[in-house]
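A structural walkthrough
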Amino acid sequence: MTSTSEAMDTGDLIARAEEGLGLARPEIVHLLSLDDPAQVEALYQAADRVRRRCVGDEVHLRGVIEFSNHCRNNCTYCGLRRDNAKLARYRMEDDEIVECALGIAEGPCGTVVLQAGEDPAFTAERLCGIISAIRARTPLAVTLSVGRWPYEDLKAFRDAGASRYLLRHETANASLYESLCPGRRLSDRIECIRHLKRLGFETGMGCMVGLPGQTVEDLASDILLMQEMDADMIGIGPFIPHGDTPLAGHPPGDAEMVLKMLAVTRLVTRDTNIPATTALGVLRAEARKRAFSTGANVFMPVYTPKKYAPDYQIYPGKAVSVHEDMPLQEVVDYFSSIGRPIGAGHGARRKR
Ligand code: SF4
């Protein structure tokens, strides 16, 4: 049972967080550990008010093209991992990617997200050609989600017209990261994020919730790291076990913990762009909708062509695209029914 003093402390903590006074690590751990439904609801409502005050009611749509499911890496949680021989691999042609972006430009998305595994067939030069073609032929902002690259290549992407970059750090626990991503180091990933910021990219970070061995203190570290790095966009989703990976059989992350992470992240980072991730919807469709009342303000519909989308299997059950069981009009109608208009333009971070 929760004592009155604990309830008072929690209320005071939420009120201070709502005012933007910052949260220390033990305070973040306390909020993430709440299990009293009334207190959790108070946390969500505070995050929703901060979301309205700092980024408004608009929901920004980003159209995602998953253009290759090849990857040279072997992350233990990911269905695209190099050693997963069961996955049917595909690569879109350059023209096909640009055509897909032209289709996105006809709809309500102000941004295209070009996403893929780390596929050596897409050289920096090739990616620059695709970025330039999209920038020349559409008004879309171009976001890249293509893994870690050297500084010079990132600069070339920026010069070609890309203005945003998503590079999730996955977990701020370096030893956990290194056990999940063999042969790679968290410090290299963080250095790449620093390069992105230096080059003027709006930079996205993000983490998974419910990784094997992850603690609530680790999750607090994720929030503090994203605050310290001044991430502009923040993607937080549950770990979902994929049957053809070494982590098959581990339990998935908890949807409620993801919602608490979104809420506390909104309270701490204020004006960032925070999507309700597809992974959250896979776990519980209602949770993804709920995310829009606990801090989220971005939705990322998948425009990957129908013949490829089912094979972009980072985690199972993900083949939800505007071509399949989520027609975009349904999404737009849903947001309008909850009083959340679709944002116009690129939907860049509105810095205080
Ligand atoms: S998580 Fe990314 S880098 Fe790791 S195997 Fe999957 S696609 Fe490749």
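What to know about the confidence of the model for the protein chain
As a note on interpretation, predicted positions should not be read in detail where pLDDT is low. This prediction gives the protein chain a mean pLDDT of 92; 95% of its residues lie at or above 70. Contacts of residues 1-5 to residues separated by more than four positions or lying in other chains number two contacts, the stretch itself having pLDDT below 50.

Observations regarding the packing of helix 4 (residues 94-105) against helix 5 (residues 124-137)
At a closest axis distance of 10 Å, the pairing of helix 4 and helix 5 adopts a crossing angle of 30°. Considered as vectors, helix 4 and helix 5 are oriented roughly parallel to each other. Two packed elements cross with a definite hand, and for helix 4 against helix 5 that hand is right-handed. For the pair helix 4 and helix 5, the contacting residues are Asp 94, Ile 97, Val 98, Ala 101 and Leu 102 in the first and Arg 126, Gly 129, Ile 130, Ala 133, Ile 134 and Arg 137 in the second.

A closer look at the environment of Thr 245
Inspection of the secondary structure assignment puts Thr 245 in the loop between strand 6 (233-238) and helix 10 (255-269). Separated by 203 residues in sequence, Thr 245 and Ala 42 place their C-alpha atoms 38 Å apart.

Considerations on the sheet that holds strand 6
Strand order in the open sheet made by the seven strands is 6-5-4-3-2-1-7, with parallel pairing throughout. Edge positions in the open sheet fall to strand 6 and strand 7 (298-299), since each of these has one partner strand only. Bridge analysis of strand 2 (residues 111-116) against strand 3 (residues 141-145) gives five bridges, and the strand direction is parallel. If you follow Gln 115 over to strand 3, its bridge partner there is Ser 145. Sitting on the sheet, helix 10 touches strand 5 (202-209) and strand 6, and the angle it makes with strand 6 is about 165°.

A few points about the nonpolar core
Ile 65, Ala 101, Val 112, Val 142, Val 258 and Leu 262 are the most contacted members of the largest nonpolar core, which has 102 residues in total. Tallying contributions element by element places helix 10 first for this core, with nine residues. Each residue touching Val 112, except ones within four places of it in the same chain, is listed here: Gly 63, Ile 65, Ala 101, Ile 104, Ile 134, Leu 140, Val 142 and Thr 143.

A few points about helix 4
Compared with the 16 Å implied by 1.5 Å per residue over 12 residues, the 17 Å span of helix 4 between its first and last C-alpha is a close match. Taken residue by residue, helix 4 has Ile 97, Val 98, Cys 100, Ala 101 and Ile 104 as its buried positions. Here the buried residues of helix 4 occupy an arc of 155° about the axis, which is enough to place them on one side. Along its buried surface, helix 4 packs onto strand 1 (60-68), strand 2 and helix 5.

Remarks on the pairing of strand 1
With nine of nine residues buried, strand 1 lies mostly within the body of the structure. By the bridge criterion, two bridges tie strand 1 to strand 7 in an arrangement that is parallel. Bridging from a neighbouring strand, His 60 pairs with Val 298 of strand 7. Sheet topology places strand 1 next to strand 2; six bridges connect them, and they run parallel. In the strand pairing of strand 2, Ile 65 is matched with Leu 114. Remark: the strand 1/helix 4/strand 2 crossover connection has right-handed handedness.

Some remarks on helix 6 (residues 151-160)
Taken together, the buried positions of helix 6 are Leu 154, Phe 157 and Ala 160. Along the axis of helix 6, the buried residues cluster in a sector spanning 120°; they form a single face. Seen from the buried face of helix 6, the exposed residues on the opposite side, beyond 90 degrees, are Glu 152 and Asp 159. Looking at the buried side of helix 6, the elements it contacts are helix 5, strand 3, strand 4 (162-166) and helix 8 (186-198). A positive backbone phi angle near 120° is found at Gly 161, which sits one or two residues after helix 6.

Notes on the environment of Glu 170
Within the secondary structure layout, Glu 170 lies in the loop between strand 4 and helix 7 (174-180). Ignoring anything within four residues of it in the chain, the contact list for Glu 170 reads Tyr 177, Leu 180, Cys 207 and Met 208.

Some thoughts on the packing of helix 5 against helix 6
Contact geometry for helix 5 and helix 6: axes closest at 8 Å, N-to-C directions at 20°. Judged by the angle between their axes, helix 5 and helix 6 are roughly parallel. Note that helix 5 runs across helix 6; the crossing there is right-handed. Between helix 5 and helix 6, the residues in contact are Ala 124, Leu 127, Cys 128, Ile 131 and Ser 132 and Asp 153, Ala 156, Phe 157 and Ala 160, respectively.

What about the pairing of strand 3?
In regular strands, side chains alternate between the two faces of the sheet. For strand 3, the buried fraction is high: four of the five residues fall into the buried class. Between the parallel elements strand 2 and strand 3, the chain passes through helix 5 in a crossover that is right-handed. Two elements, strand 3 and strand 4, share three bridges in a ladder whose sense is parallel. Across the sheet, Leu 144 pairs through a bridge with Tyr 165, a residue of strand 4. Handedness of the crossover joining strand 3 and strand 4 through helix 6: right-handed.

Thoughts on unusual backbone geometry
Even without glycine at this site, Asp 230 takes up a positive phi of about 55°. For Arg 270, which is not glycine, the phi dihedral falls at a positive 65°. In this structure Arg 270 comes out as partly exposed when scored by C-beta crowding, with 16 C-beta atoms within 10 Å.

Criteria and thresholds
- Residues numbered from 1 in each chain as written.
- Predicted model: local features only at pLDDT ≥ 70, side-chain atom pairs only at ≥ 80, totals over all residues.
- pLDDT = per-residue confidence, 0-100.
- Contact = placed C-beta atoms within 7 Å.
- Axes fitted to C-alpha atoms, helices over the stretch in contact; angles between N-to-C directions.
- Helix = DSSP H or I, 4+ residues; strand = E, 2+ residues; numbered from the N terminus.
- Parallel < 35°, antiparallel > 145°, perpendicular 65-115°, else oblique.
- Left-handed = near helix turned anticlockwise from the far one by under 90°.
- Pairing = 2+ DSSP bridges.
- Core = buried A, V, L, I, M, F, W, Y, C linked by C-beta atoms within 7 Å.
- Buried ≥ 20, exposed ≤ 12 C-beta atoms within 10 Å, placed from the backbone.
- Expected span 1.5 Å × (residues − 1).
- Arc of directions from axis to C-beta.
- Right-handed = clockwise from strand over helix to strand, strands pointing away.

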